[in-house]
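# Descriptive analysis of the structure
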Amino acid sequence: MNLEAHQQAALIQAVTDEVMRRLEQVKQGQSNGNKKRAVLLSMESLPQLESMLNPHVEVSYYEASMRDCDLLIIPQICLQLLANLANGLSAGPRERFVLTMLLKGRRVIVLEEGLLYRKYKATAPVHLYKLYEGFAHQLSNYGIRMAKTSELLSVCLQNEHPASEPQMGCSLTRAHTKEAAASCAMPKVVTTATSEAMTSEVLTSKVITEAVVKKFRNAHQREAIVISKHSIITPLAQDYLRMQQMEVHRR
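The structure presented is a predicted model; accordingly, all values stated were derived computationally and were not measured. (Residues numbered from 1 in each chain as written. Predicted model: local features only at pLDDT ≥ 70, side-chain atom pairs only at ≥ 80, totals over all residues. Heavy atoms only, no water.)

### A few points about the packing of aromatic side chains
The geometry of an aromatic ring pair comes down to the distance between the two centres and the angle between the two planes. Applied cut-off: Ring pairs shown here join Phe, Tyr and Trp side chains whose ring centres sit within 6.5 Å, with only the six-membered ring taken for Trp; geometry is labelled stacked below 30 degrees between planes, edge-to-face above 60, and tilted in between. Helix numbers and strand numbers start at the N terminus; a helix is a DSSP run of H or I with at least 4 residues, a strand a run of E with at least 2. Burial classes: relative accessible area under 20% of the type maximum marks a residue as buried, over 50% as exposed, and values in between as partly exposed (1.4 Å probe, protein chains only).
Considering all chains together, one arrives at four aromatic pairs under this definition. With a centroid separation of 6.5 Å and 25 degrees between ring planes, the pair formed by Tyr117 and Tyr132 is classed as stacked. Here Tyr117, found in the loop between β4 (107-111) and α5 (126-141), pairs with Tyr132, found in helix α5; they are 15 residues apart in sequence, far enough to count as distant. The exposure classification of Tyr117 matches that of Tyr132, with both residues buried. Taking 5.6 Å as the distance between ring centres and 85 degrees as the angle between the ring planes, the aromatic pair formed by Tyr132 and Phe135 counts as edge-to-face. Taken together, the residues Tyr132 and Phe135, both in helix α5 and three residues apart, mark about one turn of the helix. Residue classification places Tyr132 among the buried positions, given a relative accessible area of 18%. An aromatic cluster is defined as three or more aromatic residues linked by ring pairs; in this entry it consists of Tyr117, Tyr129, Tyr132 and Phe135.

### Examining the pairing of strand β1 (residues 36-40)
Put simply, the rule reads: DSSP bridges decide pairing: two strands pair if at least two such bridges lie between them. The handedness of a crossover follows from its direction of travel: if, with the strands pointing away from the viewer, the path from the first strand over the helix to the second runs clockwise, the crossover is right-handed.
Bridge analysis of β1 against strand β2 (residues 57-61) gives five bridges, and the strand direction is parallel. Residue pairing for β2: Val39 is matched across the bridge by Ser60. A crossover links β1 with its parallel partner β2, the connecting element being helix α2 (residues 47-53), and its sense is right-handed. The pairing of β1 with strand β3 (residues 71-74) spans three bridges and is parallel. Looking across to β3, one finds that Val39 is bridged to Leu72.

### Quick word on the sheet that holds β1
Our working rule: For every element, the axis is a line fit to its C-alpha atoms; helices are fit only across the contacting stretch, and the angle between N-to-C directions ranges from 0 to 180 degrees. In this description, contact between two residues means that some pair of their heavy atoms is separated by no more than 4.5 Å.
Read from one edge to the other, the open sheet built from five strands follows the order β2-β1-β3-β4-β5, with strand pairing classed as parallel. At either end of the open sheet lies a strand with only one pairing partner, and these are β2 and β5 (145-147). With strand direction ignored, the average angle separating the axes of adjacent strands in the sheet is 25 degrees. Packed onto the sheet, helix α4 (residues 93-103) meets β1, β3 and β4 and runs at close to 140 degrees relative to β3.

Structure representation (structure tokens):
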């Protein structure tokens with residue numbers, strides 16, 4: 001009789017252990033299912049970022065077949081990718097995926113250390129460097145968050161910020177953010193110049209920066225500028241022109 005009772009107790013314990021094991025598996029599966037899916041836009045393995053993020057989000061690497069994610073992290077952004085994204089150009093699968101995620105309202109983060117144009121600051125022509133700096137500012141206007149690697153985890157775990165309040169890296173000023181958020185309108189471009197504009201100095205620089213526009217306005221005190229039809233106006237210069245309600249005439 002004692003042997004039978006012992007066997008029953010052992011059987012009950014075995015069943016209990018099995019039930020507890022399966023409940024733990026279900027719980028673990030639900031926990032993993034609640035994790036947000038983070039995609040690293042990188043062609044090479046990044047074990048340091050993986051180990052940092054894996055306990056909190058489900059990490060995978062970008063593939064052309066992907067259609068969605070909760071969080072997109074861009075560890076490194078080359079000159080071509082930066083320019084294409086800033087101008088909204090879907091030139092390839094990478095750009096298409098990033099722009100689609102932005103349109104869907106997904107959070108997109110770029111690592112500041114991965115902004116490759118910055119390593120040329122000491123040698124690049126000032127106007128060219130400012131052009132790429134303007135591109136980086138434009139990405140922030142689109143809602144892309146710039147963050148240092150040391151801040152990445154905390155940024156990923158933050159509650160999503162409204163798209164109307166773009167977050168920016170340390171090198172991009174909050175004043176520019178507020179100006180960009182004030183209005184999405186572009187400065188008015190007029191192809192037929194007025195008599196006042198026709199007598200104005202024509203700016204022929206290949207790149208028209210904010211500094212160039214400010215210098216012109218301070219020197220001439222005019223409400224319009226005339227630029228070459230081949231000139232490129234940087235995003236920061238566009239912001240300034242719009243805020244000052246200055247017309248742009250091309251010829």
